[in-house]
Every structure is written in structure tokens, then in C-alpha cells.
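Spelled out from the first residue to the last, the chains are:
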Amino acid sequence: MGEAAARLVDRIAHEAEERKHMIGGVDQLWIMLSDTADFNPACTSVFTMRDRVTVEMMAEQLTRQSEKFPRYRQRLDSTGRLLHGATFVDDSDFNIMNHIRARRLPEPAGKKELDALVGEVIAEPWDLSRPLWDTVIVENYHDEDGAVCAIIARGHHTLADGQGFVISQLYMTSYYDDLRQMMDGAATKLHKAKRGQLLPSEYNASLAPLDPYASYTLTAPFIQLFLGLLFWLSQLSTTVFSVFWSTYQALRMVAFFFFTFWRIEMVVDEQPTNARTAQRELSSSRVFSMQEVKLCQQAFSGPRPGFAVAGVPKDQRKNVRSKVKHVTLNDVVCSVMADVLGEEIRNKPAPRSIWGKAKRSINHILPSPVPLFIPISIRAPGDWSMRNLSTGANVYLPPSRTLMPDISVRELHAHIHRCRYELSLFKHSLWPRFCFHVLQLSGQAPVLFPLSWFPKSKEDKMLVRLMRRWVVKPIADACLQSCESHTVPGPAKRPITMAGVEVAKWAALPPQGGAGTIGIGVISYAGGISIAVSADSVPGSEGVTRRICESFERRFALYVARAKEVLDHQD
């Protein structure tokens, strides 16, 4: 009896220890989606370099990276179990050189050829028995910006979310010290804010008159108590306020989903067969100056064009911000992208299938907003971990009512604020965060998530095969119909180096959703922003990513031109 009790205690202790190391439910989700739908959860970064980078140079950097982030040395274990989540375990066969490849492009070895290679790399299937990342060095790439080499980095979404993946990439660059200072500084500031230990003016500029009293011995404790209470009361009031708007946003999103999911026209042409093509294509835009984005923000923030800068001299507008209806970088980019995707869908060839023709006829009558899946990071300041700490939701953005180049300033302002309203509802909603924490529970027992009930490994059973084909996969595909858009804040002020070589341009891409959708990555780097787009490579839609990027460039230039008109009128 004693031996049996001891074995039971040991088993419980072993199980508890294993469960401490299980991946979260969101990490697990990407494995289940890959098993259920035609989904490739690849996060991708592309760096173009101003000098040659050798395999040996890259191996040294990646070795440092894997020491800082152990998941780069680990593989998945215990996948496919219903009552036991998967874990990352050390790979006894790990060799950094097995994850680095050198490739050469066909001549002329420029942007077009690099984009084609990145599409190939993204489309490669994953081997879950090895660490989930790869790096490709493109030895002969060159472009007009002076780049003579390129590096493609690919990581599985279970390895980390987009932000975690980018943080691990930045660890290998000269930006690491700045990033560490920024992240640790944000964590320290939040810690102090919770305890009322910041200066009053750091909570709100209107409290600046109280700053001197924060250092007096007699008054400092009372100021600290007041500021601590102020912080937590503001958090409470924000939460209470958000509950109402969160419910409204959730009901609105659900209504849009059921109103549109059955008639959404994909950006890419219809697939020739029922099976989704494994091929991908990619393109990226030119780099836009952050100053151009600020012009749009200054011109279109507020209830009317020019409101934010009204009465402000031109030389004092650098940090002008409207107190009401402020337009963010993401508002501008998403407004432009809604126009671009609306136009691309409108100009697609006529559908061939009966259902495709019916959807187009219906969409001529009913409003057809563009569905974008927007991620939200819930990563705490100072958190360097390689985990999925992001949630998100669909946002349905209406294209401009006129997509012609002669759109007026007022029409453009109204369009940006329609998109800003939808994005603002989403950003202040608590439901995506709540759903994240609920989903995390399924990491301990994947059986809690329905996608695990009918795995591909049991397709030899008729019930599983029928359920996968007619129930599980159609539902998963319907939920993956949105185009994913991910904005990554990179080193915004100056260029960075990797392995001692300057990075000329940096592009980042989130995983692409379901068949016919696109993945959109927006990244800020060295005083500019650029977009990158990935899509299925389908006959009839060849070059769709290049067209979207070129259309984005033209449409953004139109926004900037209209913004300059507004600001010149104020002068």
C-alpha cells in the first residue's frame, strides 16, 4: 500500500511538473489549425543587407539568439493528445547549421526574383520533429538601394507570436541595447505607476503643479497615495467603460460576420480545385517617409479636415495631436488598404462558378466591407518570452465610396474616420483579451477545443473523415476568410546592423489566413514604413501581391497630396 501511494505521489508530481511546461492554448491553436485547414502558420522576416553576410557570420548570430531564446533549440513533443498539451523539449540532435541555407537567385537576382524565393520559403511544409525555424541567406541579391545580400527568416507561429519573433530577431542586431532599455524602462515605469511613485506630471500634464510637493518629506506620502488611487480608479473606470463598448463591438462583429461570411469575395481568384494551392507569392512596397504619415495625421485628425493644426504656426506643428478623433498610423494604413483591396476585388475577372457569380451579383446590391484580422499584443512590458501573447479580432472596414483619384478632401476625411471608428471600437474591446485567456486553458487539455476532436491522423475512420470534410474544415475556413494585417513597430529612427552589416530594408509578414486571403505586414524602420503582402499563387491572379503594393503606393500618394492641400490651406 505504501509503495502504491508513493508511486501515485510521484506520478502526480511528474504530471504537475509536465503541465507547468505545456504550451498555451493559443500556441496549440496554430498546430490544430494546420491539421484541420489548409493553413501555414509562418511568421517571416526579410532583411536586405548593404554588404555580404556569410553562413559562418549568421551561424554565430543565431547561436547567440538560441542561447537567449531556448525555443530555437527545442522541438515539439506530445502533440495530438487530447488530455495533455504539447510541450517544447530540448532537441538532442540540434545543430545550428541544419537551419541555415545559402541560396542564389537566377539573374538578374533583383527584387522580383527575391520575392519569388520568399514565396517558396513561406510555402515549405513544417517538420514538427525539429525546431520550428529556418534562415536562408541569399548570396547574390542586389537592388537599387545598394543592398548586395538578403536574409530570409521564417518561424512557426507556435514558436512565438509576431512580436516575440521580431524581438528575437532584433536581439541579433545593434538595436538590442535600445530595445532592452525601452522594454525594461516601460516595465519599471508601469511598476512605479501602480504604486504612485511617478511624478504627478507623468500621469497627466495637468498635474504638473503638484510635482514640487512629490519631493517634500511631509507631503510626499499623501501625493503618492493620491496618485496610486488615481491610477487604479482610472483603470477601474476604463474597464467599466470598456465593458459596454466591448459588448457593442462584439455584437457588431458577430453581425458583420454572419452578414458577410457566406458572400465574401476573396482577393485571389477562385482555386482551380477543391484543394488549396501550396504555392505562395510575395511583394513589398517602396519605403514611405514617416513624415508623410504625419502629414496625413495632422490633416485628417479631428472632426473636420485641418482641425488639429488650426491656428498652429507651421514651424510648431511637429508634435501636434488632436484631442478628439486623433488619427493613428494604423488608421491611415488600414484606410488606404481598405481602398486598395476593395478596388482589387472589384477589378477581378468575372467568377467562373455559379456560386461565385451569385456572390458577385449580391455584392453589387449589399454593402461589402473588407474583413481584416487585426492582432493585439497583450505582452506585458519587459516580457521577453517566446510565447503567443497576442489576441485579435475581425474588423470590417468599408472602402471609400469613390475610389477615383478625384476624391475630395472631405470624402477622404469621412472615409478615414469611418475606418478609425471601427478600429477604435476594436482596440478598446475587452472581449479579444477575455477570449485569449479562455483559449489558453485548452493548452492543458486540447480536448476543450473542438478542432482537436477530429484529427487528420484518424481520417481512416469514416465519421472523422466526414466531420472533417463537411463540418470542421468549412467552419475553420469561414473563420480564416479575413486578410491578416499586422503592424510591427521596428527601429524607427536610424538603420541597424546585423552581424556588423547595415540592414538596408526590413519587411515582416504575418501568417496568411484561409484560401484566397492575403497576409499584410506593415513595419516601421529607419524613419519610414513599408508594407509586404503574401497571397496564394493561383492562375488568373498572378502578380496580385505586386498589384496590391503598387496600388497602395498610388493610393497613399493621393492621401498625402490631399493632406498637403489641407495643410497649405491652413497656411
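Our structure's up above, just so we're on the same page.
As a starting point, this report considers the structure included with it. Given the structure is predicted, the values throughout are model-derived calculations rather than measurements.

The rules behind each value
- Residues numbered from 1 in each chain as written.
- Predicted model: local features only at pLDDT ≥ 70, side-chain atom pairs only at ≥ 80, totals over all residues.
- Heavy atoms only, no water.
- Salt bridge = Lys/Arg side-chain N within 4 Å of Asp/Glu carboxyl O.
- Helix = DSSP H or I, 4+ residues; strand = E, 2+ residues; numbered from the N terminus.
- Buried < 20%, exposed > 50% of the residue type's maximum accessible area, 1.4 Å probe, protein only.
- Expected span 1.5 Å × (residues − 1).
- Bend = angle between axes of the 7 residues up to and from the residue.
- Arc of directions from axis to C-beta.
- Contact = heavy atoms within 4.5 Å.
- Phe/Tyr/Trp six-rings, centres within 6.5 Å; stacked < 30°, edge-to-face > 60°.
- Lys NZ or Arg CZ within 6 Å of the ring centre and 35° of its normal.
- Pairing = 2+ DSSP bridges.

## Some points on the pattern of salt bridges
Here comes step 1: The final tally for this structure, using the stated rule, is 28 salt bridges.
Here comes step 2: Among the ionic pairs, Asp178 bridges to Arg494, the shortest N-O distance being 2.7 Å. Here the residue Asp178 occupies a position in helix H6 (residues 176–194), and Arg494 occupies one in the loop between strand S11 (483–489) and strand S12 (497–498), the gap between them amounting to 316 residues.
Here comes step 3: The class of Arg494 is partly exposed, set by a relative accessible area of 49%.
Here comes step 4: In this structure, Glu344 and Arg547 form a salt bridge, with 3.0 Å as the shortest nitrogen-oxygen distance. Separated by 203 residues along the polypeptide, Glu344 in helix H10 (residues 329–346) and Arg547 in helix H15 (residues 544–570) bring together distant segments of the chain.
Here comes step 5: Look at Arg547 and you get partly exposed, because its relative accessible area is 29%.
Here comes step 6: Linked by salt bridges that have partners in common, Arg101, Glu124, Arg130, Asp134 and Arg154 make up one network.

## Observations regarding helix H8 (residues 220–260)
Here comes step 1: Counted at 1.5 Å a residue, the expected span for H8 with its 41 residues is 60 Å, and the 57 Å between its end C-alpha atoms agrees.
Here comes step 2: The sharpest bend along H8 reaches about 25° and sits at Val243.
Here comes step 3: Within the span of H8, buried status applies to Ile223, Leu227, Gly228, Phe231, Ser242, Ser246, Gln249, Ala250, Phe257 and Thr260.

## Overview of helix H13 (residues 431–440)
Here comes step 1: What H13 keeps buried is the set Pro432, Phe436 and Leu439. In a view along the axis of H13, the buried residues occupy a sector of 70°, so they form one face of it.
Here comes step 2: Looking at the buried side of H13, the elements it contacts are helix H2 (25–36), strand S10 (390–397) and helix H12 (409–427).

## Observations regarding the side chain of Thr48
Here comes step 1: Checked against the element boundaries, Thr48 lands in strand S1 (residues 42–49).
Here comes step 2: Beyond its immediate chain neighbours, meaning those up to four positions away, Thr48 contacts Leu114, Tyr141, Asp143, Ala147, Cys149, Ala150, Glu502, Val503, Ala504 and Lys505.

## A few points about the packing of aromatic side chains
Here comes step 1: By the definition in use, this model includes 20 aromatic pairs.
Here comes step 2: Measuring from centroid to centroid gives 6.3 Å for Trp506 and Tyr525, while their planes differ by 80°, and the two rings are edge-to-face. Of this pair, Trp506 sits in strand S13 (residues 501–509) while Tyr525 sits in strand S14 (residues 518–525), and the two are 19 residues apart along the sequence.
Here comes step 3: With relative accessibility at 1%, the residue Trp506 sits in the buried group.
Here comes step 4: Taking relative accessible area as the criterion, Tyr525 reaches 7% and is therefore assigned buried.
Here comes step 5: Aromatic rings pair up to connect Phe69, Tyr171, Tyr176 and Trp384 into one cluster.
Here comes step 6: Its end group placed over the ring of Trp384, Lys68 keeps NZ or CZ at 5.4 Å from the ring centre.
Here comes step 7: Over the ring of Trp126 we find Arg154, and its NZ or CZ is 3.6 Å from the ring centre.

## Some remarks on the environment of Phe300
Here comes step 1: By secondary structure assignment, the location of Phe300 is in helix H9 (residues 290–300).
Here comes step 2: For the pair formed by Phe300 and His326, sequence separation is 26 residues and the distance between their alpha carbons is 8.2 Å.
Here comes step 3: Other than its neighbours up to four places away in sequence, Phe300 contacts Val327, Val409, Leu412, His413, Ile416, His417, Tyr559, Arg562, Ala563 and Val566.

## Examining the pairing of strand S15 (residues 528–536)
Here comes step 1: Counting buried positions over the nine residues of S15 gives nine, a clear majority of the element.
Here comes step 2: Sheet topology places strand S7 (residues 280–284) next to S15; five bridges connect them, and they run antiparallel. Counted as the bridge partner of Glu281 is Ala535 from S15.
Here comes step 3: The pairing of strand S8 (residues 288–289) with S15 spans two bridges and is classified as antiparallel. Bridge pairing links Phe288 to Ile529 in S15.
Here comes step 4: Where S14 meets S15, eight bridges bridge the pair, whose relative direction is antiparallel. The partner of Ile518 across the bridge, within S15, is Ala535.
Here comes step 5: Where S14 folds back onto S15 in an antiparallel hairpin, the turn is made up of two residues, including Ala526, whose phi is positive at roughly 50°.

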